[in-house]
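The primary structure of each chain is shown beneath.
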Amino acid sequence: MPIDILMPALSPTMEEGKLAKWLKKEGDQVKAGDIIAEIETDKATMEVEAVDEGVLAKILVPDGSENVAVNTPIGIIAAEGEDVSAAAAADPAKINPAAPAPAAEAPRQEAAAPTAPAEEAPAAGKPASVPAQAKAYDASSEFPAGAEIVSMTVREALRDAMAEEMRRDQDVFVMGEEVAEYQGAYKVTQGLLQEFGAKRVIDTPITEHGFAGIGVGAALSGLKPIVEFMTFNFAMQAIDQIINSAAKTLYMSGGQMGCPIVFRGPNGAAARVAAQHSHDYAAWYSNVPGLKVVMPYSASDAKGLLKSAIRDPNPVIFLENEIMYGKSFDVPKGDDFLVPIGKAKVVRPGADVTIVSFGIGMTHALGAAEALAQEGIDAEVIDLRTIRPMDIETVIASVQKTHRCVAVEEGFPQSGVTAEIGMRIMEAAFDYLDAPVARVTGKDVPMPYAANLEKLALPNVGEVVAAAKAVCYR
Amino acid sequence: MAVAARQSKAPAPSKAAAKPAKARSAKEGAGQAAPAPSNVTPFTKDEDLHAYREMLLIRRFEEKAGQMYGMGLIGGFCHLYIGQEAVVIGMQMAAKEGDQVITGYRDHGHMLACGMESRGVMAELTGRRGGYSRGKGGSMHMFSREKNFFGGHGIVGAQVSLGTGLGFANWYRGDNTVSMTYFGDGAANQGQVYESFNMAELWKLPVVFVIENNRYAMGTAVNRASAQTDFSRRGVSFNIPGEQVDGMDVRAVREAGQRAIAHARSGKGPYILEMQTYRYRGHSMSDPAKYRSKDEVQRMREEHDPIEQVRARLIREFKVAEDELKAIDAKVREIVNDAAEFATHDPEPDASELYTDILLEPAQG
């Protein structure tokens, strides 16, 4: 059967071009790969190759023709001795370069269609799904009934979470700088090498990009790595593997390639380590679909959430804080204690104003609530615990009650997590607000080294108190 | 019909820049640095027939993909493997069931070589629901857990760390499989490659690093981007053995692949194979390939074509009749045409797919 040679598109945006020159003439033998013509676009001259073999039976568009539309038949290839009258030549409409070829139109339309379904898809924002009366998540039953409660540091809670999950699942291992022999740069992995051995507790070279990629590759293969970054500042070396490989591969593989990995380590400001060691990345990771982002405050949440993160089949960014490692909290004993990812916790009930924060920001939030109580303002304090997916419903339920909100984070203000909280409240509960949502954040500067400047750069209890009083018009 | 690339009337790159590339290609053409044919273990007739059919499938598939790109059925970027077929086919002939393959964005050939269906690959190229990624990945991002093909990655060099991670998992499980991690001469200059080399050798991971040196990183000739153009030596400072291979001769590829895979499988750690190959087409469909001469491409096609080499052997040494080869050609063409037909008429993904496959549901308990 004769085959039409169509005017090719050379880029996704090309619509027409000039047929500069035929390199074969009618009657010539052509085989696959032979260059048969040259065409010009506004950018370059390109060659047209034959894919099928046969005889160039007819040239439909002559040398030098301008504005030849993509997909116009420009020639016909036939098998030797084949009658070409059945092909495009018989149809005068097809040999007019200006008119798009009818035969070619169908595939063009199909190719253009991908934009259409997106318009019918549900909107990305979820505020509409928040009911008029939102329901707060009840965290009161998270501690197992009757469990013995012990005091434990965040550091010990994280270590126990890893140890318990490594006992439970042979596919779980931990890798990172100084995690094994040195027992952890911040002693979070203390004792793991002794219990689990060098195959499951792996010291890496100081090459974040490489070992993050190795971790993701192992996770794609079905293992469950815990990748420790000495701090999340250093994860910037690895961010391509975290975002482009870990977060996106499930989607790009049509659901085939899950990536069960935890990236964990200290995040945000410690003390006097300056800008390159003090960045809070919560907002960065929170921007990426395909990731879960967890940032616990208390030791029990650190333990319960890390265990959930290790069991989660998705990539989880687990943001810790160096200052919090040594702080003690009540933690239930036993290895069956889990805290669900994606649920906030009302840490202190109150009626007058909602203060919402996460991670070390909770110290400012709770400190402010104490101070406000002295002045007769009853603040409700919510610990988000998970940044993505964000439990905005628990926040909305509180705002519907208090009608006022202050959001607190140590990160930068622009495009910050508190900016997101404020927007989501406005979308879902605008009519409940008696004052604009206020935020207290780290200042919009790289973290300075000098003690006095560092103090100024970070949020504090006084700023939260002032913001709360402002939204209460006090 | 498909489209390839060449000279433009737009300003040509500076002659100073273009010349060394030509000089190198003349002196160090693939095939010349490779072992003489007499040193290569010959294929049996069946092996040659297998290699012929498999390579031809890739070639015809890619020609069809180029044609469909020209028709606007394939969008975005489309990187064809034409000219490099012997690399992945030779390596697959050396591999065992269960070994993994991972590569960059020039991935169609690798998928077909892994046994993935032409229909599913072509339908992904056209962004249809029957594609391997249900239309969400496209040309550069496809996977098959069933066939141990781990992508299809769009970030140059990222697959090297990921492939090392596959090797890590093999080592961790002790399952005696090998990760075959492919990347190009361009990716070979990325930093994470050397981080991965270091850890792969340090931990003796079963990884074969296959560097497909097709002489141009996008439009930049190897000697204009690489201080060390002998890629087999790129692992020297990590004590990783390496060798240069005539990547246009499928027999040489298989033989070197067997050596490298045996090394990795036996617990001795990674191995580097520099496959000296050549891509006939531009970097992507919209590349006019002004950085090389028409003669250079023509010479490679005429003197080193991997498929023609096998075809000539089949006729000359194994006395295979032209008709038998024509029957293979026809069969391959039928598979490719069927794939194109499927990929043209398969529906696009349902709009609801926009919000699926972002996260997996955690198991309960």
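Residues numbered from 1 in each chain as written. Chains lettered and ligands numbered in written order. Predicted model: local features only at pLDDT ≥ 70, side-chain atom pairs only at ≥ 80, totals over all residues. Heavy atoms only, no water.

Here is the rule we go by: UniProt positions are given in the numbering used here, feature names are shortened, and annotations may be inferred rather than shown by experiment.
Per an unreviewed UniProt entry, the recorded name for chain B is Pyruvate dehydrogenase E1 component subunit alpha, and the organism is Bosea minatitlanensis. If you open the UniProt record of chain B and go to Cofactor (unreviewed entry), you find "thiamine diphosphate".

The name given to chain A in an unreviewed UniProt entry is Pyruvate dehydrogenase E1 component subunit beta, and the organism recorded there is Bosea minatitlanensis. In its Function (unreviewed entry) section, the UniProt entry covering chain A states "The pyruvate dehydrogenase complex catalyzes the overall conversion of pyruvate to acetyl-CoA and CO2."

## Remarks on the overall build of chain B
Filter applied, for reference: Strands are runs of DSSP state E lasting at least two residues, helices are runs of H or I lasting at least four, and both sets are numbered from the N terminus onward. Exposure is judged per residue with a 1.4 Å probe applied to protein chains only, and the accessible area is read against the type maximum: over 50% gives exposed, under 20% gives buried, and values in between give partly exposed. Any two residues whose heavy atoms approach within 4.5 Å at even a single point are treated as in contact. Accessible surface area values rest on a Shrake-Rupley calculation with a 1.4 Å probe, where residue burial reflects the displayed protein chains alone.
The number of helices and strands found in chain B is twelve helices and nine strands. Here chain B holds 365 residues, and the buried ones make up 62% of them. Within chain B, contacts between residues at least 6 apart in sequence are counted, and of these 77% link residues at least 24 apart. In the form shown here, chain B has an accessible surface area of approximately 13,400 Å², with 51% of it arising from carbon and sulfur atoms.

## As for the environment of A:Ile214
Assignment of secondary structure puts A:Ile214 in helix α5 (residues 208–220). Measuring from C-alpha to C-alpha, the distance between A:Ile214 and A:Gln241 comes to 9.2 Å, with 27 residues separating the pair along the chain. Beyond its immediate stretch of four places on either side in the chain, A:Ile214 contacts A:Met175, B:Ser161, B:Thr164, B:Gly165, B:Phe168, B:Met199 and B:Trp203.

## What to know about the nonpolar core
General note: in soluble globular proteins, nonpolar side chains tend to be found buried as a group. The line we're drawing: Definition of nonpolar core: a set of buried residues of the types Ala, Val, Leu, Ile, Met, Phe, Trp, Tyr and Cys, connected through side-chain atoms within 4.5 Å. Each domain's extent was defined by an automatic or database domain assignment.
A:Phe229, A:Phe263, A:Tyr285 and B:Phe168 are the most contacted members of the largest nonpolar core, which totals 81 residues. Looking at this core, the element that brings in the most residues is α5(A), giving seven residues. Two domains each provide a minimum of three residues to this core, namely domain 2 (149–332) and domain 3 (345–471) of chain A. Once residues lying within four places of it in the same chain are set aside, the contact partners of A:Tyr285 are A:Phe232, A:Ala235, A:Ile239, A:Ile242, A:Ile243, A:Leu291, A:Val293, A:Ile317 and A:Arg388. Membership of the second largest hydrophobic core comes to 77 residues, among which are B:Leu49, B:Val88, B:Leu112 and B:Leu125.

## With respect to the sheet that holds strand β15 (residues 316–320) of chain A
Residue and element names in this part refer to chain A. To keep it simple, the criterion reads: The pairing criterion for strands is at least two bridges between them, as found by DSSP. All axes here are fitted lines through C-alpha atoms, helices being fitted over the stretch that makes contact, and every angle between N-to-C directions spans 0 to 180 degrees.
Strand order across the open sheet formed by seven strands is β11-β10-β12-β13-β15-β14-β20, with mixed pairing between neighbours. Each having just a single partner strand, β11 (201–203) and β20 (386–388) make up the two edges of the open sheet. On average, each strand axis in the sheet is inclined to that of its neighbour by 20°, with strand direction left out of account. Where strand β14 (residues 292–294) meets β20, two bridges bridge the pair, whose relative direction is antiparallel.

## Details of the interface of chain B and chain A
Many structure descriptions define interface size as the accessible area lost when the parts assemble. The test is simple: Any carboxyl oxygen of Asp or Glu that lies within 4 Å of a side-chain nitrogen of Lys or Arg is treated as forming a salt bridge with it. Here a polar contact means two N or O atoms within 3.5 Å. Within protein one must be a hydrogen donor candidate and the other an acceptor candidate, and residues neighboring in sequence count only if both atoms are side-chain atoms. Residues are grouped as follows: nonpolar covers Ala, Val, Leu, Ile, Met, Phe, Trp, Tyr, Cys and Pro; charged covers Asp, Glu, Lys and Arg; every other residue, Gly included, is treated as polar.
Counting residues at the interface gives 72 residues for chain B and 83 residues for chain A. The interface formed by chain B and chain A includes three salt bridges. A:Glu47 is the salt-bridge partner of B:Lys294, the closest N and O atoms lying 3.6 Å from each other. Inspection of the region where chain B meets chain A yields 24 residue pairs in polar contact (both at pLDDT 80 or more). Elements with a contribution of two residues or more to the side of chain B that touches chain A: β1 (2–5), α2 (45–70), β3 (149–152), α6 (158–173), α7 (191–202), α10 (294–304) and α12 (322–345) of chain B. When residues of the side of chain B that touches chain A are assigned to their parent elements, the largest contribution, eleven residues, is made by α6(B). Looking at the side of chain B that touches chain A, its residues break down into 33 nonpolar, 20 polar and 19 charged.

## Points about the packing of aromatic side chains
All names here are of chain B. The criterion, for reference: Ring pairs are drawn from Phe, Tyr and Trp, using the six-membered ring of Trp, whenever the two centres fall within 6.5 Å, and their geometry is named by plane angle: stacked under 30 degrees, edge-to-face over 60, tilted for the rest.
Per the counting criterion, the structure on display carries 22 aromatic pairs over all chains. For the pair Tyr194 and Phe197, a centre-to-centre distance of 5.2 Å together with 75° between the ring planes defines the contact as edge-to-face. Placement of the pair is Tyr194 and Phe197 together in helix α7, with a separation of three residues, close to one helical turn. Phe197 carries the same exposure label as Tyr194, and that label is buried. A relative accessible area of 0% means that Phe197 is categorised as buried.

## Considerations on the packing of α6(B) against α7(B)
All names here are of chain B. This is how it is decided: Here the angle decides the label: under 35 degrees means roughly parallel, over 145 means roughly antiparallel, 65 to 115 means roughly perpendicular, and every other value means oblique. In a left-handed crossing the near helix is turned counterclockwise from the far helix by less than a right angle, and in a right-handed crossing that turn is clockwise.
Look at α6 against α7: their axes get within 8 Å of each other, and the N-to-C directions meet at 15°. As judged from the angle between their axes, α6 and α7 are roughly parallel. Of the two elements, α6 crosses α7, and the hand of that crossing is left-handed. Packed against α6, whose contacting residues are Ala158, Val160, Ser161 and Thr164, the element α7 presents Gln192, Val193, Ser196 and Ala200 at the interface. Residue composition of the contact of α6 with α7, by class: four nonpolar, four polar and no charged.

## Concerning the side chain of A:Lys292
Residue placement: A:Lys292 occurs in strand β14. When its relative accessible area of 8% is taken as the criterion, A:Lys292 is described as buried. Residue contacts for A:Lys292: discarding those within four places in its chain leaves A:Asp312, A:Asn314, A:Pro315, A:Val316, A:Ile317, A:Ile341, A:Arg388, A:Pro389, B:Leu359 and B:Pro362.

## Overview of the sheet that holds strand β5 (residues 207–213) of chain B
Remark on secondary structure: sheet strands pair via backbone hydrogen bonds, oriented parallel or antiparallel. Residues and elements named next belong to chain B. Spatially, β3-β2-β4-β5-β9-β8 is the arrangement adopted by the six strands of the open sheet, whose pairing is parallel. At either margin of the open sheet sits one strand with a lone partner, and together these are β3 and β8 (242–246). Here the strands of the sheet are splayed against their neighbours by 20° on average, with no regard to which way each runs. In terms of strand pairing, β8 meets strand β9 (residues 271–276) through five bridges, oriented parallel. Bridge pairing links Glu243 to Leu273 in β9. Across the sheet, helix α3 (residues 85–94) lies against β2 (100–103), β4 (179–184), β5 and β9, angled at about 170° from β4, the strand it touches most.

## Digging into a nonpolar patch on the surface
Stated formally: Note that patches include only residues with greater than 30% relative accessible area and no salt bridge, and the join distances are 9 Å for like charges and 5 Å for nonpolar side chains (Val, Leu, Ile, Met, Phe, Trp, Tyr).
Together, A:Met423, A:Met426 and A:Phe430 make up an exposed nonpolar region whose accessible area comes to about 310 Å². Take A:Met426: it is sitting in helix α12 (residues 417–429).

## With respect to the pattern of salt bridges
All names here are of chain A. For the structure on display, the rule yields 44 salt bridges over all chains. Salt-bridge contacts for Arg264 lead to Glu320; the nearest nitrogen and oxygen are separated by 2.6 Å. Here the residue Arg264 occupies a position in strand β13 (residues 262–266), and Glu320 occupies one in strand β15, the gap between them amounting to 56 residues. Take Arg264: its relative accessible area is 0%, and that puts it in the buried class. Assessed through its relative accessible area of 4%, Glu320 is described here as buried. Here the salt bridges share partners, and the residues they tie into one network are Glu164, Glu165, Arg168, Lys303, Lys307 and Arg311.

## A closer look at the environment of B:Val236
Inspection of the secondary structure assignment puts B:Val236 in the loop between α8 (222–225) and β8. In this structure, the C-alpha to C-alpha distance between B:Val236 and B:Ile272, residues 36 residues apart in sequence, is 9.8 Å.

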